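# Structural overview
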Amino acid sequence: MKKIIAPVFLSFLLFFSFCTTQQNEHQQTTLKQSANYPVGTAVGFKWLKNDTTARKIIQKDFNSLTAENCMKMYAVQPKQDSFVWKKTDYLVEFCRQNDIRLHGHALNWYLSTPKWVKAYNGDSSALEQILKNHIQTYAGRYKGKVASWDVVNEALADETGGYRSCVWFDELGKDYVARSFKYARQADPDVKLFYNDYYLESDTAKLETCLKMIDEFQQKNIPIDGIGLQFHLYIDHPSIDAIENALEEFTKRDLLIHISELDITFNHHRSEPKYHQFTDSMAMVQKQRYFEIVDAYQRIVPKEQQYGISVWGFLDKYTWIRSFFDIPAWPCLYDDDYQAKPAYFGFLKAAQQQ
Ligand code: G3I
């Protein structure tokens, strides 16, 4: 009898420990549970609404959302004074139901300026009024519902150290950036206000101008709470040292730091694609790169300045890079079939070691 009981007992023990391990592994696969800070993703409105598998992943892994496109000015005020709230209302409700933070993107971005503004031929004070009205109507309506805003996105030009030419800069001068922050603060005294930009980690002229702008804001009491470092990265560029340098510089300014649009791609956007298939060895290199970025953020940015890490979409199949640049791309944490990639486990491993 003893001979029978022992193996049965052993099998039971093994089965029990297997279940426990499975359960632990299941829990470990949750990004938001592992990180000490919010983990976010950009969402496309259509797929958020219709793709139930993607929604389940959001509910499992993320506790911060950014609208990929539907909160941009062309979507919210497509005609002058005619505001469209439906999609933002939907996002606010989705976030409320799922206990997710909503990060607003963006109050002002040259690339999302609607046609009617670009075609505008009034004087500069009327254009200023359009800027103020858009920001205050929008931020005012979502007061207490949107946790933070990218107030101005990408105001700085590439590689020149100057401001980007656009209707706002050309007509209102560089101070339109500071005034946008003031207008947003007047509309919502408690919301967190961010300046958001890309390549601050690799474009030294842009980084310098951005730091100067932040220093001026802080000296003049312009209400800025944080910096959004987009981090649309390549697998081989920029170096981890350059990334750490950017994190250090903004951390010194006592700002909240949001890695706001992280993705890591292989083919460079503006040259002939070198990679046509995503191989296992590419997946492992990408895993290591995700690990290093998350690890650098956690090491360099003190807890009280960590606003979180948001990826710019989590499914390769919905990545903006494929359609925008018409190149093969696999920059996300999940593959085309909703399976977590090694990249996911690179992020997770770093988050778990805090
Ligand atoms: O919805 C229309 C569709 O009706 C039309 O048939 C199609 C034809 O081109 O265009 C569709 O709109 C596209 C839209 O994405 C939705 O898919 C636009 O052309 C396309 O330009 C737009 O691209 C977005 C881009 O911002 C410009 O707004 C990307 O999805 C979005 O990922 C990207 O996000 C930006 C951040 O806001 C700021 N930082 C950089 C980041 C990546 O560029």
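Structure: above.
Each residue is numbered by its place in its chain's sequence as written, counting from 1. A pLDDT threshold of at least 70 governs which residues receive local features in this predicted model, and a stricter bar of 80 or more applies before side-chain atom pairs are shown or counted, although totals over entire chains, interfaces and linings include all residues. The side-chain numbers reported here are obtained from all heavy atoms of the structure, hydrogens and water having been left aside.

### Some thoughts on helix α8 (residues 124-141)
As a reminder, the rule being used: What counts as a helix is a DSSP run of H or I of at least four residues, what counts as a strand is a run of E of at least two, and both are numbered from the N terminus. Helix span is expected to be 1.5 Å times the residue number reduced by one. In this scheme, a residue with accessible area under 20% of its type's maximum is buried, one over 50% is exposed, and one in between is partly exposed, where area comes from a 1.4 Å probe on protein chains only. To obtain the arc, one takes the directions from the helix axis to the C-beta atoms.
Under the 1.5 Å per step criterion, the end-to-end length of α8 is 26 Å for 18 residues, consistent within 8% with the ideal 26 Å. Within α8, burial applies to L127, E128, I130, L131, H134, I135, Y138 and A139. The buried residues of α8 occupy an angular sector of 155 degrees when projected down its axis, which confines them to one face.

### Comments concerning the site of the ligand
Spelled out, the test is: By convention in this text, a residue qualifies as near a molecule or strand provided that one of its non-hydrogen atoms is within 4 Å of it. Under this definition, polar contacts are N or O atom pairs within 3.5 Å; protein pairs additionally need one hydrogen-donor-capable and one acceptor-capable atom, and for neighbouring residues in sequence, both atoms have to be side-chain atoms. Using the Shrake-Rupley algorithm and a 1.4 Å probe, accessible areas are obtained, with residue cover drawn only from the displayed protein chains. For this scheme, ten residues count as nonpolar: Ala, Val, Leu, Ile, Met, Phe, Trp, Tyr, Cys and Pro. Four count as charged, namely Asp, Glu, Lys and Arg, and the remainder, Gly too, count as polar.
Around the ligand sit 14 residues, and of these E68, N69, K72, H105 and E261 come closest. Here E68 contributes a side-chain N or O atom positioned 2.5 Å from an oxygen atom of the ligand. One of the side-chain N or O atoms of E154 is found 2.9 Å from a nitrogen atom in the ligand. Coverage of the ligand by the protein amounts to 51% of the 790 Å² it exposes when considered alone. Considered class by class, the residues forming the shell around the ligand number five nonpolar, five polar and four charged.

### Quick look at the pattern of salt bridges
Selection rule: The term salt bridge refers to a pairing of a side-chain nitrogen on Lys or Arg with a carboxyl oxygen on Asp or Glu at a separation within 4 Å.
Applying the stated rule across the entire model yields 16 salt bridges. The network of salt bridges with common partners includes D158, R164, D197 and K206.

### A short note on the packing of aromatic side chains
In plain terms, the rule: Note on aromatic contacts: the rings of Phe and Tyr and the six-membered ring of Trp form a pair at centre separations within 6.5 Å, being stacked when their planes are under 30 degrees apart, edge-to-face when over 60 apart, and tilted otherwise.
Across all of its chains, the model carries 24 aromatic pairs by this definition. Aromatic pair W85 and Y142: ring centres 5.7 Å apart, planes at 70 degrees, arrangement edge-to-face. One end of the pair, W85, is in the loop between α5 (73-76) and α6 (86-98); the other, Y142, is in the loop between α8 and β4 (148-153), with 57 residues separating them in the sequence. We note that W85, like Y142, is buried.

### Quick look at the side chain of Q77
Here is the rule we go by: Note on contacts: a residue pair qualifies if any of its non-hydrogen atoms lie within 4.5 Å across the two residues.
Summarising the element assignment, Q77 is placed in the loop between α5 and α6. Side chain to side chain, Q77 and H134 meet in a polar contact 3.0 Å long. Dropping the residues within four chain positions of it, Q77 is found in contact with S82, F83, P114, W116 and H134.

### Some details on the environment of E292
By secondary structure assignment, the location of E292 is in helix α13 (residues 280-300). With 203 residues separating them along the chain, E292 and D89 place their C-alpha atoms 36 Å apart.

### Regarding helix α10 (residues 176-187)
Taking 1.5 Å as the rise per residue, α10 with 12 residues should run 16 Å; its terminal C-alpha atoms sit 16 Å apart, in good agreement. Counting buried residues in α10 gives nine out of 12 residues, a clear majority hidden from the surface. The inward-facing, buried residues of α10 contact β3 (101-109), α8, β4, α9 (167-172), β5 (192-197) and α11 (204-219).

### Observations regarding the environment of C70
Tracing the backbone through its elements, the reader meets C70 in the loop between β2 (64-67) and α5. Exposure remark for C70: the relative accessible area of 10% places this residue in the buried category. In this structure C70 touches F45, A75, V76, K87, T88 and L91, once residues within four positions along its chain are discounted.

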